[in-house]
Amino acid sequence: MTAVFLLAALFVFLFVGVPVAVSLGLASVLTMLFFGDQTLLSSSQKFFYTMQVYPLLAVPFFILAGSFMTTGGVARRMVDFANALVGHYRGGLAMAALLASAFFAAVSGSAPATVVAVGSVMIVGMVKSGYTRKFAAGVICNAGTLGILIPPSLVMVVYGAITESSIGKLFIAGILPGIILTFVMMVTVAVIAHQQDMPRQDKASFKTVVKTFREAVWGLMLVVIILGGIYAGVFTPTEAAAVSAVYAFFIAVFVYRDISMKHVPDVLVDACKITVMLMFIIANAFMFAFLLTTEQIPQFASEFIIGMGLPVWGFLLVLNALLLIAGNFMEPTSVILILTPIVFPIAMELGIDPTHLGVLMIINMQIGLVTPPVGLNLFVTASVAELSLEDTIRASFPWLIVLLAVLLLVTFVPWISLVVPNLLLN
Amino acid sequence: MQAVRTVFNRLEEWLMAALLAFMTVLTFVQVVMRYLFNSGWVWSLEATTYAFAALVLVGMSYGVRTRTHIAVDLLTRQLPSVGRRYVDLFAILACLTYALLMLYGSAVLVDRLMTLGNMARDIPAPKWLLTATMPLGFALLTFRFLEAGWQLLRRKDDGRASGEQK
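Please read all numbers here as calculations on a predicted model, not as lab measurements.

(A) Local environment of the nonpolar core. The biggest cluster of nonpolar side chains holds 217 residues, and the ones touching the most others in it are A:F47 and B:Y98. The biggest single contributor to this core is helix 13 (residues 264-294) of chain A, with 20 residues. Contacts of A:F47, omitting those with residues within four sequence positions, involve A:F280, A:A283, A:N284, A:M287, B:L57, B:M60, B:Y98, B:M102, B:M134 and B:F138.

See the structure below:
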């Protein structure tokens, strides 16, 4: 009864257009008042406590680092370097867009930010060189989803915080699936490019490769600092995030000089907006999760599912379907926050590795980002590429096959998510 | 009145930016001090988390004003304008209910902390004072939702005060 009321209230609020954060909070508070034995005081306490969860401090810091990186010309330099590397293949500029997205994903923890950063540099260039606007949009839209798979990743921070599993391990686990996805997408571009006889560019001289690398290396160093620092135990993911933010500030203002000191407050305010938007959802989701736990809803769900005698692969298939549907209607953080408290205990009961589960959930969220009706990447791509939403959806659609194929691969081959962290961290 | 508003709005932004800068620099300095001087401030982490809370709590109402809170407007967008108006009014009422309940809950929490009179762990300040940002934040949030509801009633804009799906 409690569970039915909680979920019904949540969905009613969501669908009449109440902000996601308020929907989560109000559904929890009302359920608690009507059925629970907790008080408003304890919900407020839970809300406030969210900002004292140490791993979540990484959220504002990574967002700030991303804001400095997006505003500055970091993406442009990465595009130049990627172009020098692969531009001479047929469809080279599209491949460079993919590679640049992967590079940028390694300094940014957000998918829409990756689309904006790479897309605003790349789409015009691709159209000028003879690609159709739709093809360019499709590539950028999907490549941008790498932002949440390749570390650092805000969605991983949230998943790690809510399941109390290691964020450093998740980051490192995202590397190989990220490389595989980038590679598969590049091969896809190569195949399409050969069929459609797409343009290629002159091969860049070795000198150009070195020169563009030296320009881009300041940005690329960020992921080395983050992963190296966490791996070597120099700092926690939260400290790594703060170091990234200061590093990104330093690079943007003093090395690249793309941002003047005068504009630093604007970048800060920008980062604050995104931080508050996310944290408001997260804090309410913590109240929601708190209520789920005190009402023992995950236990019931767990017993029910286990009682059905579903094999692990069956559970994973059902989980993928559930996540894909949810991902269509909500943005990644909200989906992770709402569903993780329910599915995590079941997965643990079935012996699924928490890191593998995390990576699998992230790839599902990537697909949610490029599928209508609520695909954040679609909206952002449409505005960056100056295309209608319908055209963007149509342009992005064929890429779903690639994403789904990689999702199935990662779902049923846990080795892909686990080999790197096991190798490095044990 | 308008001038007061502009000043208040700028103040909101500056406060948020200052809090974020403070948190970032403090955490960064902490790492540097640990490795270079093998020392650190005990109060640093606690100060960071309270600054973080203040940032989010002040920012909630700012998000309503700048319409950055994500909402699902898939269904409401399909509605005819009359029906939509009622649905939007219901949504605003829900938001107000939420803000008021949380305002009450957090006020009770601060009151309890005052009665207990505990000091913070590492910062030389009473706990209730550091937590008082919460009722303050929810009071501001209530105000912004009231303002949005008022605008909706007067049809000043299309009433999506709760934020656009981006």
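(B) Highlighting the packing of helix 11 (residues 206-231) of chain A against helix 12 (residues 237-255) of chain A. All names here are of chain A. Orientation of helix 11 relative to helix 12, taken along the N-to-C sense of each, is 160°, at an axis distance of 10 Å. By the angle between their directions, the pair helix 11 and helix 12 is classed as roughly antiparallel. Two packed elements cross with a definite hand, and for helix 11 against helix 12 that hand is right-handed. Here W218, M221, L222, I225, I226 and I230 of helix 11 lie close against helix 12, whose contacting residues are P237, A240, V243, S244, Y247, I251 and V255. Of the residues that constitute the contact of helix 11 with helix 12, the class distribution is 12 nonpolar, 1 polar and no charged.

(C) Layout of the packing of aromatic side chains. All names here are of chain A. What the rule picks out here adds up to 16 aromatic pairs over all chains. Between F47 and F280, the aromatic rings sit 6.5 Å apart at their centres with planes inclined by 70°, giving edge-to-face as the arrangement. In this pair, F47 is assigned in helix 3 (residues 40-50) and F280 in helix 13, connecting sequence segments 233 residues apart. A single burial state applies to F47 and to F280, both of which are buried. Ring geometry for F250 and F254: centres 5.5 Å apart, planes at 50°, overall tilted. Of this pair, F250 and F254 both sit in helix 12, 4 residues apart, roughly one helical turn. Look at F254 and you get partly exposed, because its relative accessible area is 42%.

(D) Examining the packing of helix 9 (residues 154-163) of chain A against helix 10 (residues 167-196) of chain A more closely. Residue and element names in this part refer to chain A. The interhelical angle for the contact between helix 9 and helix 10, taken along N-to-C directions, is 140°, at an axis separation of 9 Å. As far as their axial angle goes, helix 10 and helix 9 are oblique. Like other packed secondary-structure pairs, helix 9 and helix 10 cross with a definite hand, here right-handed. Across the interface between the two elements, M156, V157, Y159, G160 and A161 from helix 9 touch I167, L170, F171 and G174 from helix 10.

Quick notes on the rules
Residues numbered from 1 in each chain as written. Chains lettered and ligands numbered in written order. Predicted model: local features only at pLDDT ≥ 70, side-chain atom pairs only at ≥ 80, totals over all residues. Heavy atoms only, no water. Core = buried A, V, L, I, M, F, W, Y, C linked by side-chain atoms within 4.5 Å. Buried < 20%, exposed > 50% of the residue type's maximum accessible area, 1.4 Å probe, protein only. Helix = DSSP H or I, 4+ residues; strand = E, 2+ residues; numbered from the N terminus. Contact = heavy atoms within 4.5 Å. Axes fitted to C-alpha atoms, helices over the stretch in contact; angles between N-to-C directions. Parallel < 35°, antiparallel > 145°, perpendicular 65-115°, else oblique. Left-handed = near helix turned anticlockwise from the far one by under 90°. Nonpolar A, V, L, I, M, F, W, Y, C, P; charged D, E, K, R; others polar. Phe/Tyr/Trp six-rings, centres within 6.5 Å; stacked < 30°, edge-to-face > 60°.

Nothing here speaks to function; it is geometry throughout.
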